[in-house]
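So the chains spell out like this:
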Amino acid sequence: MSLPPDPRSFGVYVHWPFCRSKCPYCDFNSHVRDKIEADAWEHGLTASLTRQKARFDAEGLGNRSVSSIFFGGGTPSLMPPRLVGSVIDTIARLWPLAAGAEISLEANPTSAEAENFAGYASAGVNRLSIGVQALEKNALGFLGRTHDPDEARRAIALAAKHFQRFSFDLIYARPGQSVAAWEAELRQALDLAVGHLSLYQLTIEPGTAFYGAHARGDFALPDDALAGDLYEATQALLTAAGLPAYEISNHAKPGQESRHNLLYWRYGDYLGVGPGAHGRLTLDDGTPLGHKLATRAQKVPETWLAALEAGEDGLTEVDPVAVPDRLTELTMMGLRLAEGVPLARYLRETGLRPDASLDAAGLSRMIEGGFLAQTDTHLTATAAGRQRLNALLTQILPEDVPA
Ligand code: SF4
């Protein structure tokens, strides 16, 4: 579980930006449209992949294989299976696909989309992540979801039929939710899960419908003490069931972790395609650390598609990531993981060990306080540290890092 990312491979993230409706808590790049031209999107995604390969090959991407593909959104289960297959085939034509590459797709559990599951499996998808969000009818209504609990259960059963590996998401710390009620819902979830669950606390993000409603006092979230109790109850129940947290919100049986998401948290390389998609690529410029680029695609779907039709690659930002930012990103992502950050990764990203690049006094304070642990090989946030990771990071990330 704790090997650093293989520098000879990278992941590909494909963003499908459309949803049937906008959920009130959602701040993802998702849009509701009456009609979507699948052929135009197939052309756009194919062209963006092909042009990004040409662009980054010229800058030293090298002959690397693709270790994982992730279709995220939006609602990728609105994509016709034929389109999903075409994107997978294009990626496999442009780069070698590593043996056993993980190919994941996010799905919503409505019946119409669940019917596509067999088609996705035939197209090459080998892992499904289902946006269940709640197993209680009233909670689904509050969250603005269009499925009911029975539909969610049917979609999970269908996923189990077609995929050896699947996961589903739940959102907790909802208004009025007691620890006992959440534990009962979690037990139902554990009866349905095979090896992976993503369990997110409800947060209120600016720009969402919930943001205004919460500000108006339409509902209240659990206070910090109750939120802490809900988190602790989650950890206890999932650990006892053999699915400990391998990341703040993600639980898996050993070996069932999401390999694509591990790539992000281990600060590996990934190419992003589709509106608003981000990428991180380390290019070989002959220096020990290489040249890291952050990419971001045009966010608005129609503008992205028009750029592709005009012969562009859809990227609006391609910026070098300086060494101080590499230190910050590696630390922020890696400390989310129970395994922590291998010290060798600090050397590869910054040329320095963490005690020579992070704030030494802050590091000592956090270790003495029981929020961080450092061994000969890893820097790790403890369970207490992961629960308050943002505060921890402010203590150890220096303002000035040697470049
Ligand atoms: S289905 Fe997912 S991406 Fe779409 S609006 Fe709801 S939460 Fe956002």
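As the structure is a prediction and not an experimental result, all values here were calculated from the model.

1. Quick look at the pattern of salt bridges
Counted by the stated rule, this structure contains 20 salt bridges. Across the salt bridge formed by E37 and K35, the nearest N and O atoms sit 3.0 Å from each other. On the basis of relative accessibility, which here comes to 47%, the residue E37 falls in the partly exposed class. What emerges from the salt-bridge pattern is a single network uniting R64, D269, K292, R326, R345 and E349.

2. Comments concerning helix α13 (residues 343-350)
By the burial criterion, the buried members of α13 are L343, R345, Y346, E349 and T350. Axial view of α13: buried residues confined to an arc of 150 degrees, hence all on one face. Elements in contact with the buried residues of α13: β11 (291-297), α12 (323-334), β13 (341-342), α14 (354-357), β14 (372-374) and β15 (378-381). Directly beyond the C-terminal end of α13, a positive phi value near 80 degrees is found at G351.

3. Focus: the nonpolar core
Ranked by internal contacts, the top residues of the largest apolar core, which has 65 residues, are F71, L128 and F168. A total of 6 residues in this core trace back to one element, the largest contributor, which is helix α2 (residues 81-94). Apart from residues no more than four positions distant in its own chain, F168 is found in contact with I130, V132, I156, A189, L192, A193, H196, L197 and S198.

4. Description of the site of the ligand
Surrounding the ligand, one finds C19, S21, K22, C23, Y25, C26, F28, S30, G74, T75, N108 and R145. Here the shell around the ligand is composed, by residue class, of 5 nonpolar, 5 polar and 2 charged.

5. Focus on the domain arrangement of the chain
Taken as a whole, the chain is organised into domain 1 (9-264) and domain 2 (340-396). Here domain 1 and domain 2 have C-alpha centroids that lie 29 Å from each other.

6. Brief notes about the sheet that holds β14
The strand order across the open sheet formed by 3 strands is β13-β15-β14, and the pairing between neighbours is antiparallel. Of all the strands in the sheet, the pair left with one neighbour each is β13 and β14. In this sheet, β15 lies alongside β14 in antiparallel orientation, the contact comprising 3 bridges. In the strand pairing of β15, Q374 is matched with L379.

7. Focus: the packing of helix α7 (residues 179-192) against helix α9 (residues 224-240)
Relative to each other, α7 and α9 sit at 30 degrees, their axes nearing to 10 Å. Taken together, the axis directions place α7 and α9 in an arrangement best described as roughly parallel. Relative to α9, α7 is oriented so that their crossing is right-handed. Residues V179, W182, E183, L186, R187 and L190 of α7 pack against L226, D229, L230, A233, T234, L237 and L238 of α9. Residue composition of the contact of α7 with α9, by class: 9 nonpolar, 1 polar and 3 charged.

Definitions and limits used
- Residues numbered from 1 in each chain as written.
- Predicted model: local features only at pLDDT ≥ 70, side-chain atom pairs only at ≥ 80, totals over all residues.
- Heavy atoms only, no water.
- Salt bridge = Lys/Arg side-chain N within 4 Å of Asp/Glu carboxyl O.
- Buried < 20%, exposed > 50% of the residue type's maximum accessible area, 1.4 Å probe, protein only.
- Helix = DSSP H or I, 4+ residues; strand = E, 2+ residues; numbered from the N terminus.
- Arc of directions from axis to C-beta.
- Contact = heavy atoms within 4.5 Å.
- Core = buried A, V, L, I, M, F, W, Y, C linked by side-chain atoms within 4.5 Å.
- Near = heavy atom within 4 Å.
- Nonpolar A, V, L, I, M, F, W, Y, C, P; charged D, E, K, R; others polar.
- Domains from an automatic or database assignment.
- Pairing = 2+ DSSP bridges.
- Axes fitted to C-alpha atoms, helices over the stretch in contact; angles between N-to-C directions.
- Parallel < 35°, antiparallel > 145°, perpendicular 65-115°, else oblique.
- Left-handed = near helix turned anticlockwise from the far one by under 90°.

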